[in-house]
Amino acid sequence: MKTKDIPTRVMRAASGGRFIVTIDGPAGAGKSTAARELAKRLGFTFVDTGALYRTVGVAATRAGIANTDGRALSKLLSGIIIEMRPGTDRQLVFLDERDVTEEIRTPEASMAASAVSAVPEVRAGLLDLQRRLALAGEARSVLEGRDTGTVIFPDADMKFYVDASPEVRARRRFDELSAKGAAVDPDKVFAETVERDKNDSTRAIAPLKCPDGAVRIDTSSMTVDEVVAMMETTVREKM
Ligand code: DC
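The structure presented is a predicted model; accordingly, all values stated were derived computationally and were not measured.

Analysis parameters
- Residues numbered from 1 in each chain as written.
- Predicted model: local features only at pLDDT ≥ 70, side-chain atom pairs only at ≥ 80, totals over all residues.
- Heavy atoms only, no water.
- Phe/Tyr/Trp six-rings, centres within 6.5 Å; stacked < 30°, edge-to-face > 60°.
- Helix = DSSP H or I, 4+ residues; strand = E, 2+ residues; numbered from the N terminus.
- Buried < 20%, exposed > 50% of the residue type's maximum accessible area, 1.4 Å probe, protein only.
- Pairing = 2+ DSSP bridges.
- Axes fitted to C-alpha atoms, helices over the stretch in contact; angles between N-to-C directions.
- Contact = heavy atoms within 4.5 Å.
- Polar contact = N/O pair within 3.5 Å; in protein donor to acceptor, adjacent residues only side chain to side chain.
- 1 Å grid on protein atoms, 1.4 Å probe; cavity = no way out; pocket = protein on both sides within 12 Å on 5 of 7 lines; lining within 4 Å.
- Points joined across faces, edges and corners; volume = space filled by probe spheres on them.
- Nonpolar A, V, L, I, M, F, W, Y, C, P; charged D, E, K, R; others polar.

Let us look at the packing of aromatic side chains. Applying the stated criterion across every chain, the model contains one aromatic pair. Judged by centre distance (6.3 Å) and plane angle (55 degrees), the ring pair of F19 and F44 falls under tilted. Here F19 is found in strand 1 (residues 19-24), whereas its partner F44 is found in the loop between helix 2 (31-42) and strand 2 (45-48), with 25 residues between them in sequence. Like F44, F19 is buried.

Reading across from one edge, 2-6-1-7-8 is the order of the five strands in this open sheet, with parallel pairing throughout. On the outer flanks of this sheet lie strand 2 and strand 8 (215-218), each paired with one strand and no other. Averaged over all neighbouring strand pairs, the angle between strand axes comes to 20 degrees, with direction disregarded. Two elements, strand 1 and strand 6 (residues 140-145), share six bridges in a ladder whose sense is parallel. When the sheet's bridge partners are listed, T22 is paired in strand 6 with L143. Across the face of the sheet, helix 2 comes into contact with strand 1, strand 2, strand 6 and strand 7 (158-163) while running at roughly 175 degrees to strand 6. Against the sheet, helix 3 (residues 49-63) contacts strand 2 and strand 6, and its axis sits at roughly 40 degrees relative to strand 2.

Now for the environment of S201. Tracing the backbone shows S201 in helix 9 (residues 186-202). By relative accessible area, which is 39% here, S201 ends up partly exposed. For the pair S201 and R146, spaced 55 residues apart in sequence, the C-alpha to C-alpha distance is 9.1 Å. Once you skip the residues sitting within four places of it in the chain, S201 turns out to touch P207 and L208. A polar side-chain atom of S201 sits 2.7 Å from the main-chain carbonyl oxygen of D197.

Looking now at the sheet that holds strand 5 (residues 98-99). An order of 3-4-5 is seen for the three strands of this open sheet, with the pairing classed as antiparallel. If you trace the sheet from one side to the other, it starts and ends with strand 3 (82-86) and strand 5, each paired once. In terms of strand pairing, strand 3 meets strand 4 (residues 91-95) through five bridges, oriented antiparallel. Bridge pairing in strand 4 places M84 opposite V93.

Turning to helix 5 (residues 107-116), its buried residues are A109, S110, A112, A113, S114 and V116. Looking at the buried residues of helix 5, the elements they touch are helix 3, helix 4 (70-79), helix 6 (120-135) and helix 9.

By volume, the largest pocket amounts to about 1,000 Å³. Around the largest pocket, the lining comprises 50 residues; the ones closest to its centre are S32, R54, R105, R173 and E176. Where the lining of the largest pocket is concerned, the elements lending two or more residues are helix 2, strand 2, helix 3, strand 4, helix 5, strand 6, helix 8 (166-179) and helix 9. It is helix 8 that contributes the most residues to the lining of the largest pocket, six residues altogether. By residue class, the composition of the lining of the largest pocket is 15 nonpolar, 14 polar and 21 charged. If you add up the space inside the second largest pocket, you get close to 420 Å³. R36, F46, D89, R90 and Q91 are the residues nearest the centre of the second largest pocket, which is lined by 20 residues in total. Listing elements by their share of the lining of the second largest pocket, those giving two or more residues are helix 2, strand 2 and strand 3. No other element matches the five residues that helix 2 contributes to the lining of the second largest pocket. When its residues are assigned to classes, the lining of the second largest pocket shows eight nonpolar, five polar and seven charged.

The following block contains the structure:
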């Protein structure tokens, strides 16, 4: 990836209106939908950090590189270009000029993303890109992921930690995949949800955890609208 190192503090000083919102939590907690909608309502840039890990996973699979081979993944990262481009109704993800928006959402890509995200070289390689995407333009962004409030922006202006029970999260994942026409087995989706949780929260580097100072939201019995409304009110009060 072609990246330029822009120190976060310098960017912050240069942009008086900076406002960074981070949303972390496990898979299927409802954070993607909520984060995208919150960004839209606030007029902020949306940074889907999981999409970047998914793209690296897809790139590795395509190149025949093992998901755990740090050295090879590091080399791969330095040679690829990942871009987020605005689409008509959603953000599009490009890998070396190729639209991978759909491809990165398959269950295989999810597993590959989970594996590459445990590799320190991959996390280090994506760190700067994530900060640059969030600080571009007005520097008013909503970042969504697993470490956005702990590692990427520990000094975020507003942090949320979104969670839900594993059963509810697997059910949401299943509904999401079924709606796309995928023939999925609910038991398999549940098993994958539990496995990804374990990978994400027990890995040595940037394990999933509630960031210091984050507002916790349990979405198990909340609608997306309720979650977004709660977030929007909290952010506007803080702004
Ligand atoms: O949110 P998602 O399902 O698109 O994320 C895909 C994978 O990437 C998931 O296994 C966790 C990982 N990830 C991460 O480690 N750190 C992030 N900031 C975002 C995602």
